[in-house]
Amino acid sequence: MLEINDIDVYYGASQALKKVSTRADKGKITAVLGRNGVGKTTLMQCVAGHVLPVDGSISWQGKPIINDPAHLRARHGIAYVPQGRQIFPLLTVQENLETGYACVSRKHRVIDPEIFDLFPVLHDMRHRRGGDLSGGQQQQLAIARALITRPELLILDEPTEGIQPSIIKDIQQVIAMLRDRGDMAILLVEQYFEFACELADNFTVLDRGEVVLEGEKDKVNLEQVRAHIMV
Ligand SMILES: Nc1ncnc2c1ncn2[C@@H]1O[C@H](COP(=O)(O)OP(=O)(O)OP(=O)(O)O)[C@@H](O)[C@H]1O
């Protein structure tokens, strides 16, 4: 579904990604792992359309998208939950969710009750401001906002960062459930090895902008994967 081949990215003279390739398939989770600053977010931003590689290709559902702007990719089913969540603190939970409407046709501009089934706390807090939510609740809101767009590719950039363990478990269950539905590909950036390991079907491990390990979970050496993300 999503295929990334040999992409190179530069920030000025500094090369952030070197010939990076990976893929994401329907009903599967590809975990992108690596230490701080190795290029994980840059890779996600290339898929979402916020960073333009100088070389290589990205195709989504068989079509090249590298020149498509971010809003078009969102309309074509690619949803990005950025690192740090980036919810709107002064908008209510309901209004934050409604910002996702921009990517969908008029008839789909409703909040699917399933979203509140997945995240009941958001229903209870729907009239509260986003900024009043805990970090974990904000992460749930950011994922829910992405789901409003009915994505077929969900990009999650470090969803466990700064979140208390009980909510991490809830988020893990939701991500597993979305995968198991079988109609969505998921790209998951993580530094928390156990979380990634429980969820991943495939791994892509980056180090200094390069893929140093990749493969299906039952074929890669998990201790090697772990070693690459230990500080
Ligand atoms: N906008 C930018 N301008 C210049 N350099 C950048 C920019 N964004 C990222 N970088 C640099 O590119 C490299 C990769 O950064 P990136 O954020 O993609 O890594 P990461 O693996 O996601 O790190 P983290 O886990 O800390 O989020 C780093 O050296 C970073 O300093």
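Note that the structure is predicted; figures quoted are calculated from it, not measured.

Participant: Teacher, can you tell me more about the overall build of the protein chain here?
Facilitator: The number of helices and strands found in the protein chain is nine helices and 10 strands. Taken over the C-alpha trace, the protein chain has a radius of gyration of 17 Å; the compact-globule value for 231 residues is 17 Å, and the two agree within 12%. When its C-alpha atoms are laid out on the principal axes, the protein chain stretches across 45 × 35 × 35 Å. By residue count, 40% of the 231 residues in the protein chain fall in the buried class.

Participant: Whenever I open this one, the nonpolar core confuses me. Can you help?
Facilitator: Soluble globular proteins: nonpolar side chains tend toward being buried together. Counting residues in hydrophobic clusters, the biggest one holds 61 residues, and the most contacted among them are Val47, Leu153, Leu154, Ile155, Ile186, Leu187 and Leu188. Of all the elements, helix H6 (residues 135-148) adds the most residues to this core, at seven residues. Setting aside its immediate chain neighbours within four residues, Leu187 contacts Ala24, Thr30, Val32, Met44, Val47, Leu153 and Ile155.

Participant: Help me out: how do you make sense of the site of the ligand in this one?
Facilitator: In the region of the ligand, the neighbouring residues are Tyr11, Ala16, Gly34, Asn36, Gly37, Val38, Gly39, Lys40, Thr41, Thr42 and Gln83. With three residues, the single largest contributor to the shell around the ligand is helix H1 (residues 40-48). Considering only residue class, the shell around the ligand consists of three nonpolar, seven polar and one charged.

Participant: Looking at this structure, how should I read the environment of Ile148?
Facilitator: Along the polypeptide, Ile148 turns up in helix H6. As for Ile148 and Met1, which are separated by 147 residues in sequence, their C-alpha atoms are 21 Å apart. Discounting chain neighbours no more than four positions away, the residues touching Ile148 are Leu97, Gly100, Tyr101, Ile111 and Ile115.

Participant: Looking at this structure, how should I read the sheet that holds strand S1 (residues 2-11)?
Facilitator: The strands making up a sheet are joined through hydrogen bonds of the backbone, oriented either antiparallel or parallel. Pairing within the open sheet is antiparallel, and its four strands lie in the order S2-S1-S4-S5. Strand pairing shows two members of the sheet lacking a second neighbour, strand S2 (14-24) and strand S5 (63-64), which therefore form its edges. Pairing analysis gives two bridges linking strand S4 (residues 55-60) to S5, with the strands arranged antiparallel. Each residue of the ladder has a partner; that of Ser59, found in S5, is Pro64.

Participant: Mind showing me how you'd approach the sheet that holds strand S9 (residues 202-207) here?
Facilitator: The mixed open sheet is built from six strands, whose spatial order is S6-S7-S8-S3-S9-S10. Lying at the two open borders of the sheet, with one neighbouring strand each, are strand S6 (78-81) and strand S10 (210-216). Ignoring strand direction, the axes of neighbouring strands in this sheet form an average angle of 15 degrees. Here five bridges tie strand S7 (residues 153-157) to strand S8 (residues 185-190), and the two strands are oriented parallel to one another. In the strand pairing of S8, Ile155 is matched with Leu187.

The rules behind each value
- Residues numbered from 1 in each chain as written.
- Predicted model: local features only at pLDDT ≥ 70, side-chain atom pairs only at ≥ 80, totals over all residues.
- Helix = DSSP H or I, 4+ residues; strand = E, 2+ residues; numbered from the N terminus.
- Rg over C-alpha atoms; globule rule 2.2 N^0.38 Å.
- Buried ≥ 20, exposed ≤ 12 C-beta atoms within 10 Å, placed from the backbone.
- Core = buried A, V, L, I, M, F, W, Y, C linked by C-beta atoms within 7 Å.
- Contact = placed C-beta atoms within 7 Å.
- Near = placed C-beta within 6 Å.
- Nonpolar A, V, L, I, M, F, W, Y, C, P; charged D, E, K, R; others polar.
- Pairing = 2+ DSSP bridges.
- Axes fitted to C-alpha atoms, helices over the stretch in contact; angles between N-to-C directions.

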